[in-house]
Each structure stands twice: as C-alpha cells, then as structure tokens.
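What the coordinates show
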Amino acid sequence: MTELSLRSMTKRFGRLTAVEDVTLDIPDGSFVCLLGPSGCGKTTLLRLLAGLEMPTEGQVIVSGEDQTAVPPEKRDFGMVFQSLALFPHLSVADNVAYPLTIRGRSKAEARKRVTELLDLVQLSGLGDRRIHQLSGGQRQRVAIARGLAIDPKVFLLDEPLSALDANLREHMQVELRQLQQRLGVTTIVVTHDQKEALTMADMVIVMNEGRVQQIGSPMEIYRDPANAFVAGFIGTSNLLPCTLDADHNIEVLGHRFDAAEDDRIKSEPGSDLMLSVRPEDVRLEAAGTGLPAKVIFIRDLGESIQYVLDHDGHEITALYAPSARPDIDLGDEVGVSFAPGKRVVFPA
Ligand code: ATP
C-alpha cells in the first residue's frame, strides 16, 4: 500500500528551480533516505511533503487523497528539524508534550503519552530537566520523541544526526532504525551522508540539482547505479572513459574487455561513454594481461587493502581482503581487469 505519493512536484524560488518534476511513491512503513549533495533540493522536497512549502506545480497524495492544500498542522506528520528547534525555556517533558498541547489534548493524556515516549527513546526520569542540561545525543532523542508525540502517519527528519560526533552518530543511526522498525511508522530522513543512508534505509532516493537520479534499495543503488552521478556519489567508483561495440564488448583506455552477460549496459553502442567499476571488482594480475598499469600507492585499511594504480594519468583503485592479498608491491607493473558482470556502462 502507498501511504504517500508525490505527483510531478516542482518548486521554484524566483528563477531557481529547487525541485523539478518529482514523482514518487513511498510504501507504507518504509524507511526512506533522501540523499544528495548540498543544495540539491532535499530539504525543499521534505518541506513540500510536510506542507511547509507550497509547490509551484504538482500534488502531495496521502492515503489516496490530495493533501496539497492541507496546512502542516492538519497533516498527521511528525517532524524533526536540523536545528532540533527545542524550546530552551521548557522542560524535556513540556517539549515532548508540545504538539499535544497545541492540539488541545488533555493534561492527563499528554502526561501519559510523554511517559511512554521518554521510555521509548530511553530518557525515562529526565522529564523535568531543561534542554541545556542534556547531552547532544539526549537532545536528539527529545526531538525524536516530540516528533513522534502525535503518533504520526509519516515521520519526517531533516539531517537529524548531523550535529553529533561520528561515534554517537553511528549509534543513533542504529537506534533510529530500530525505533522505526518497532513502530512501523513511514519515515523519511534527509541526509547528505551516503553511509548513513545505506545504513538506515530500505529505500534511497538520490537527488541532484533538484531532480531524482535514482530510487532503489541501498544494494540496487550501489550495485546498479543509474548514471555517472549516482556511481560517483554513492560509495567509491572507478569511472573511466570507454567505448562499446554492438556486441557489448567494452574498450577501456585502449584495452578490450569481452562482453559479459550480467554487465549493466545503460547506453547504446558508441564512444564517449563511461565505465563504472567498484574497487572490490577490480582485479590485479601479472603484467601482460588486461589493462597495463603501475602501482602508485598501497594502503592497509585493516579490513581491506587498497591499491591505487596509474594508467597514463588515469587513476584506478582496487580493494582486496587481507586474506586474498595479491603478491604486488609499490612500483610494480600489473595487468588490471574488471570482474565480468560487475561493469556498468552509461553515457559520459
Ligand atoms: P543542504 O544539504 O545544503 O541543506 P538541500 O539539498 O537540502 O541542501 P535545499 O535547502 O532544498 O537543498 O535548497 C535547494 C535550492 O533551493 C538551493 O539552491 C537553495 O539555495 C534554494 N532555496 C531553498 N529555500 C529557498 C528559499 N526559501 N528561497 C530561495 N531559495 C531557496
């Protein structure tokens, strides 16, 4: 079932198009990450969903009904803003109760719900504290509890973890995901951090310059990027100029690689194309096979070993598990090949 849909949504600010012709369906109960570089329109898209912005064109459909003109407070949406927007002069409990208070719920009902919510986000017993008496992670939890207070149909979060240090952030990613799974609430999180998106989401929406570039599971986005932007933005990718013949053989920097059945060819045969291969799908062999290259850098990352190679000014990165470490040293001339079936070709 589709709880939430956008239809041909466009938002212009004067001459700037922040969101352009976005159509998507968000399945009920899913955890969605809106991912893209700074300024690509993620926040604007979230605000359009929440009703905090009116679209220039297009509709928001909730449970089959057009809600485009419905004001934010009349939508059953919970929100957590990047700034958290907590009220410093109110206690933790009053902050969490706020959405209930403004909706006119009784004191007793609000008190009961706040106790449940503080329990849910592991802040039981801290209801009387002021916001400034909390750590960064605790404030984050207060904002999450407040966002969930009305038992929202949809939970929207704008970069909710961006102010936290790396360790706490990773911890909160897992916590937020577990909380969402327990509640089953449809959740949409804006992030510019691809690792965060791949960790948390069932469905990732990759945006660039106001447009949706790809929608898919983290695995689909990683394994089968729709275009060069997605391949370059998600994970690390080797992007090399190539040509493709009618039989889907790929020529890269003067070396021909035979077609393989599972290669993802997203272009007509031609020149001026781009090959994308993940570092773990790059193979290094003795010189004389594959594409000749020189090892210019080796880095032991613990769980893997990274080799950086040079072919005529083109850099290629390979990753090996320590147990599969090839007998290769800095400065060696080697032959590079790309795992058949793991190669993606698209227009440059
Ligand atoms: P970030 O990750 O930096 O927050 P974002 O992907 O969330 O970026 P948006 O905040 O949605 O991007 O902004 C998209 C574009 O729209 C930007 O060019 C921004 O300057 C512009 N923009 C956003 N809000 C307004 C506004 N109220 N008035 C004019 N321009 C705006």
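Calculation criteria
Residues numbered from 1 in each chain as written. Predicted model: local features only at pLDDT ≥ 70, side-chain atom pairs only at ≥ 80, totals over all residues. Near = placed C-beta within 6 Å. Helix = DSSP H or I, 4+ residues; strand = E, 2+ residues; numbered from the N terminus. Nonpolar A, V, L, I, M, F, W, Y, C, P; charged D, E, K, R; others polar. Buried ≥ 20, exposed ≤ 12 C-beta atoms within 10 Å, placed from the backbone. Pairing = 2+ DSSP bridges. Domains from an automatic or database assignment. Axes fitted to C-alpha atoms, helices over the stretch in contact; angles between N-to-C directions. UniProt positions renumbered as here; feature names shortened; annotations may be inferred. Parallel < 35°, antiparallel > 145°, perpendicular 65-115°, else oblique. Left-handed = near helix turned anticlockwise from the far one by under 90°. Contact = placed C-beta atoms within 7 Å.

1. Thoughts on the site of the ligand
- Every residue near the ligand is listed here: Phe13, Leu16, Ala18, Gly36, Ser38, Gly39, Cys40, Gly41, Lys42, Thr43, Thr44 and His192.
- For the shell around the ligand, the elements supplying multiple residues, two or more each, are strand S2 (16–27) and helix H1 (42–50).
- The element that contributes the greatest number of residues to the shell around the ligand is H1, accounting for 3 residues.
- Grouping the constituent residues of the shell around the ligand by class yields 4 nonpolar, 7 polar and 1 charged.

2. Notes on unusual backbone geometry
- In this structure, Asp151 takes a positive phi of about 55 degrees despite not being glycine.
- The residue Asp151 is located in the loop between helix H4 (136–148) and strand S7 (154–158) in this model.
- For Asp312, which is not a glycine, the phi torsion comes out positive at approximately 55 degrees.
- Relative to the helices and strands, Asp312 is located in the loop between strand S18 (305–311) and strand S19 (314–320).
- Residue Asp312 is classed as exposed on the basis of its C-beta count, with 10 C-beta atoms lying within 10 Å.

3. Description of the pairing of strand S21 (residues 344–347)
- Taken together, the 2 bridges between strand S14 (residues 264–265) and S21 define a ladder with parallel strand orientation. If you follow Ile265 over to S21, its bridge partner there is Val345.
- Sheet topology places strand S15 (residues 270–277) next to S21; 4 bridges connect them, and they run antiparallel. Residue pairing in the sheet places Ser276 in a bridge with Val344 of S21.

4. Things to note about the domain arrangement of the protein
- Split into domains, the protein comes out as domain 1 (2–224) and domain 2 (236–347).
- The straight-line distance from the C-alpha centre of domain 1 to that of domain 2 is 39 Å.

5. Structural notes on the environment of Glu280
- Position of Glu280 among the secondary structure elements: in the loop between S15 and strand S16 (282–286).
- As for Glu280 and Arg325, which are separated by 45 residues in sequence, their C-alpha atoms are 12 Å apart.

6. Considerations on the sheet that holds S15
- Read across the sheet, 6 strands follow the order S13-S12-S11-S15-S21-S14 without closing on themselves; strand pairing throughout is mixed. Bordering the open sheet on either side are strand S13 (255–257) and S14, each of which pairs with just one other strand.

7. Quick notes on the sheet that holds strand S17 (residues 291–300)
- Strand order in the open sheet formed by 5 strands is S16-S20-S17-S18-S19, with antiparallel pairing between adjacent strands. Each edge of the open sheet is held by one strand with a lone partner, namely S16 and S19. Going across the sheet, the axis of each strand differs from the next one's by a mean of 45 degrees, ignoring polarity.
- Direction of pairing for S17 relative to S18: antiparallel, over a ladder of 6 bridges. Bridge pairing in S18 links Ile298 to Tyr307.

8. With respect to the UniProt feature "domain: ABC transporter" (unreviewed entry) in the protein
- Under the UniProt annotation, the feature "domain: ABC transporter" (unreviewed entry) is placed at residues 4–234.
- Within the segment residues 4–234, helix and strand shares are 36% and 27% respectively, and the terminal C-alpha atoms sit 26 Å apart.

9. As for the packing of helix H2 (residues 92–102) against helix H3 (residues 107–120)
- Axis separation between H2 and H3 bottoms out at 9 Å; the angle between their running directions is 125 degrees. Here H3 runs oblique to H2, going by the angle between their axes. The way H2 lies across H3 gives a crossing that is right-handed. Residue-level inspection shows Ala93, Val96, Ala97, Leu100 and Thr101 of H2 in contact with H3, the latter providing Glu109, Ala110, Arg113, Val114, Leu117 and Leu118.

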